[in-house]
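Take a look at the letters that make up each chain.
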Amino acid sequence: MLEALQYEFMRHALIAGLLAAVACGIVGVYVVVKRVVSLSGSIAHASFGGIGLGYFLGISPILGATFFALASALTMGLVIRRTRLPEDTVIGILWAIGMALGIIFIGLTPGYAPDLMSYLFGNILTVPFSDILLMLLLDVIIIGVVITLYKEFLLLSFDEEFGTVVGMPVERLYLLLLGIIALTVVVLIRVVGMILVIALLTFPAAMARQFTHSMKKMMVLATVFGMAFTFGGLWLSFALNLASGATIILLSGLALLCSFALTGLRKKSDK
Amino acid sequence: MATQEIVRLEDVWVRYNGTPVLEGITLSILEHDFLGIIGPNGGGKTTLLKVILGLIKPQHGTVLVLGKPPEQSRRYIGYVPQYFLFDRSFPANVLEVVLMGRYGRTGPFHRYSQEDVHAAEQALARMGMLSFRDRQIGALSGGQQQRVFIARALVAEPKLLLLDEPMASVAQDVQTEFYELLDDLKKTITIVMVSHDIGAISVYVDKIACLNSQLCYHGSKEISAEVLEATYKCPVQLIAHGTVPHRVLKEH
């Protein structure tokens, strides 16, 4: 593994994994606690429209994905808040429309869409330096917002109605949280691909929840788990010559199941 | 100084999908009132509290809290919602939950100060819950959670406390203790308590109103059997208040 570090792509992969772990560790806690897992999945899939648009316009697909992720997050948030459409209906609609748009845009783009598979399924080994800079910038934004609005997001996750009563701008904070989730989706796309993003958003946080009842500790633990999963998955995929994104997800899924089993056993022996 | 009017509702109408839930409610709640609102489930009790809080906008009528629209005077209202099923494994401890009540004073972007923490600890102590300060909120019993939620409402130092079915999750044997706590609170705060249980509420409150879409309130604790029957649409037992509370069962 150490000699692998002399390759630039390996160093990039490790930095990308670290940045992804920080974003999914912090924001994943909100995704799990506020129960917006499928909403986040919808944001991730809708961002495929932006990847297609990026190819079509000849700009960076990841920029297109950023735009689409943010736009779909805000649209879904507003529709869920202000209309009577059921939440899961809205989630399904945006999910499918975003993907369909992406396929149409890619079809309209002349020639071959390079790297398409890496956006869909992730390839941590091919992350270019420009994307690492973008991931770093998004990480800084995410951390900044969460530090500034920690007590607001805690109240929003726990009891929205009480938040309104004590005068908190609940709808704006909800939209902001969805926006932060959208940015996290973009950070994670390069590492595990948009189809598997939802796993990194939920697995580390769900596992961290087994070990602590403090939201801050949960974020730190989830980040540590996220790092262990990305680095471990990267090493496994390198050693066994497997797809990196899928290996990372399978490793974290396995770890999560083991932690559930252990917690179950511990509770049983307590009784 | 005249007694201050805390809440004023005038001809308030609320409909859900065309079905009237509140019909022409007119109500005046004065400072230091301890008002119990009784009525059957679905009679609009929770809706009435949410109208006072400004969470539900009536289609018709005026709502004034401390002489202003509820949105502007919310920071003077403490609200204890009906026991709600939050996630039992939610990552927050008791102190963090009580601190949420200070939000209106602390405002956005600022962290809770030492003063906020001190106020939260005092509110917890008042509820006899200070020793649970660092416990996870979901690990407490229903009655303990209820006390924490009352502490969360009190920590904002409200002038008006709204309680929605506070006994629903409190075990029978601690209900008396709980009412004595309210008895102590009413010395400083105006309290409105909503319940479908006539028996439990009537001993401690000073005034009773009956609500079943329409409100019947005469600013006292005397309610006639006719009013109760009109509210519940069936014969009910009536409680008389003497030196010893006892029940008078009406024949039916």
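Our structure's up above, just so we're on the same page.
Summarised in this report is the structure supplied together with it. Predicted model, so just to flag it, every value in this text is computed and none were measured. The residue count restarts for each chain, going from 1 along the sequence in the order it is written. Chain A is the first chain written and ligand 1 is the first ligand written, with later ones labelled in order. Under the rules for a predicted model, residues below a pLDDT of 70 receive no local features and side-chain atom pairs below 80 are neither given nor counted, while totals for whole chains, interfaces and linings still include all residues.

## A few points about the overall build of chain B
For chain B, the count of helices and strands is 9 helices and 11 strands. Residue pairs qualify as contacts under a 7 Å threshold applied to their C-beta atoms, which are placed from the backbone. Within chain B, residue pairs in contact and separated by at least 24 positions form 65% of the contacts whose partners lie at least 6 positions apart. We count a stretch as a helix when DSSP gives it H or I for four or more residues in a row; a strand needs E for two or more, and each element gets its number in order from the N terminus.

## Things to note about the pairing of strand E9 (residues 214–217) of chain B
Note that strand E8 (residues 207–212) of chain B and E9(B) share 4 bridges and pair antiparallel. Each bridged residue has a counterpart across the sheet, and for Leu211(B) the counterpart in E9(B) is Leu215(B). Two strands pair under a simple rule: DSSP has to find at least two bridges between them.

## Some remarks on unusual backbone geometry
Peptide bonds are, in most cases, trans, and in most cases residues other than glycine have a negative phi. At Asp115(A), a position not held by glycine, the phi torsion is positive, near 70°. Tracing the chain through its elements places Asp115(A) in the loop between helix H4 (87–108) and helix H5 (116–121). The residue Ser213(B) is not glycine, and still its phi comes out positive at about 70°. Among the secondary structure elements, Ser213(B) is positioned in the loop between E8 and E9.

## What about the pairing of E8(B)?
Residue and element names in this part refer to chain B. As paired strands, strand E3 (residues 34–38) and E8 are joined by 4 bridges and run parallel to one another. Residue pairing in the sheet places glycine 36 in a bridge with isoleucine 208 of E8. Connecting the antiparallel pair E8 and E9 is a turn made up of 1 residue, with serine 213 showing a positive phi of about 70°.

## A short note on the sheet that holds strand E1 (residues 5–16) of chain B
Residue and element names in this part refer to chain B. Strand order in this open sheet of 3 strands is E2-E1-E4, and the pairing throughout is antiparallel. Both edges of this open sheet fall to strand E2 (19–30) and strand E4 (60–65), since each of them pairs with a single strand only. On average, each strand axis in the sheet is tilted by 15° relative to the strand beside it, whichever way the strands run. As paired strands, E1 and E2 are joined by 8 bridges and run antiparallel to one another. Lines fitted to the C-alpha atoms define the axes, with helices restricted to the stretch that makes contact. Angles between their N-to-C directions range from 0 to 180 degrees.

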